[in-house]
Amino acid sequence: MIGVRAVQKVSSTRAFARIAPHVIPAMDRTVHRLTRGKVLLSAQMLPGVILTSTGARSGQVRRSPLACMPEGDGWVLVGSNFGRAGHPAWTYNLIAHPDAEISWRGQEIPVIARLLEGEERAEVWKTALVFWPPYATYQKRVDREIRLFRVVRR
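Here's a quick rundown of the structure.

Parameters at a glance
- Residues numbered from 1 in each chain as written.
- Predicted model: local features only at pLDDT ≥ 70, side-chain atom pairs only at ≥ 80, totals over all residues.
- Heavy atoms only, no water.
- Helix = DSSP H or I, 4+ residues; strand = E, 2+ residues; numbered from the N terminus.
- Buried < 20%, exposed > 50% of the residue type's maximum accessible area, 1.4 Å probe, protein only.
- Polar contact = N/O pair within 3.5 Å; in protein donor to acceptor, adjacent residues only side chain to side chain.
- Contact = heavy atoms within 4.5 Å.
- Pairing = 2+ DSSP bridges.
- Axes fitted to C-alpha atoms, helices over the stretch in contact; angles between N-to-C directions.
- Parallel < 35°, antiparallel > 145°, perpendicular 65-115°, else oblique.
- Nonpolar A, V, L, I, M, F, W, Y, C, P; charged D, E, K, R; others polar.
- Salt bridge = Lys/Arg side-chain N within 4 Å of Asp/Glu carboxyl O.

## Some remarks on the side chain of Asn81
1) Next: Tracing the chain through its elements places Asn81 in the loop between β3 (74-79) and α3 (89-96).
2) Next: Residue Asn81 is classed as buried on the basis of its relative accessible area of 14%.
3) Next: In terms of polar contacts, Asn81 uses its side chain to reach the backbone carbonyl oxygen of Gly86, at 2.9 Å.
4) Next: Setting aside chain neighbours within four positions, we find Asn81 in contact with Gly86, His87, Pro88 and Arg144.

## Some details on the pairing of β3
1) Next: Counting buried residues along β3, six of its six residues qualify, which places the element largely inside the surrounding structure.
2) Next: The alternating pattern of β3 places Gly74, Val76 and Val78 on one face and Trp75, Leu77 and Gly79 on the opposite face, and all of these are buried.
3) Next: One ladder, built from four bridges, connects strand β2 (residues 61-71) with β3; its direction is antiparallel. When the bridges of β3 are listed, Cys68 appears paired with Leu77.
4) Next: Between β2 and β3, which pair antiparallel one after the other, the connecting turn spans two residues, and Gly72 there sits at a positive phi close to 60°.
5) Next: Both β3 and strand β6 (residues 147-153) contribute to a ladder of six bridges, which runs antiparallel. By the bridge assignment, Trp75 is partnered in β6 with Val151.

## Let's talk about the sheet that holds strand β4 (residues 99-104)
1) Next: Taken in spatial order, the six strands close into a barrel running β1-β2-β3-β6-β5-β4, and their pairing is antiparallel. Within this sheet the neighbouring strands show an average axis-to-axis angle of 40°, counted without direction.
2) Next: Here seven bridges tie strand β1 (residues 48-54) to β2, and the two strands are oriented antiparallel to one another. Counterpart to Ile50 in the pairing with β2 is Pro65.
3) Next: Where α3 meets the sheet, it contacts β1, β2, β3, β4, β5 (107-115) and β6, and its direction lies at approximately 55° from that of β6.

## Concerning the packing of helix α4 (residues 118-131) against helix α5 (residues 134-141)
1) Next: Packing of α4 against α5 brings their axes to within 8 Å, and their N-to-C directions diverge by 125°. In terms of orientation, α4 lies oblique with respect to α5. Facing α4, whose interface residues are Arg121, Trp125, Ala128 and Leu129, α5 presents Tyr135, Ala136 and Gln139.
2) Next: For the contact of α4 with α5, a count of residues per class yields five nonpolar, one polar and one charged.

## Some thoughts on the pattern of salt bridges
1) Next: In total, this model carries six salt bridges according to the counting rule given.
2) Next: Its salt-bridge partner being Glu120, residue Arg150 comes within 2.5 Å of it at the nearest N-O pair. Of this pair, Arg150 sits in strand β6 while Glu120 sits in helix α4, and the two are 30 residues apart along the sequence.
3) Next: Salt bridges linked by common partners bring Glu71, Arg114, Glu120 and Arg150 together as one network.

Function cannot be inferred from these measures alone, as they are strictly geometric.
In structure tokens:
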């Protein structure tokens, strides 16, 4: 079995940033649908959710498989975009429409999201770097501050 450190090293590469966004979310959505919300392949390494949000411009329902950092009764979502330029679309969706839903371990949970800023973001970022060290590589690679959202049950 592949170790966590090996996965972290691979996930920090530019090749991973080019390929993973096209492969991992599609696999996650398919497996999640086939298992009726009980399994996310990527969650075998990191905890994960399926975020159902409203498109910022389209108003259409959007489903995004995401790694998450469980936190008390909620979760932190990290808009790393696999270390690629530009914020991921789901972050714009949550800013425009913070009421969303996550699928967590087979349960559909209504949530509200809040973009973290300032000192609060800085503290959570430190925790995120311990949780998944490749986030530091992603941050160095991009010309933007990676967005962090605190997501709690509505």
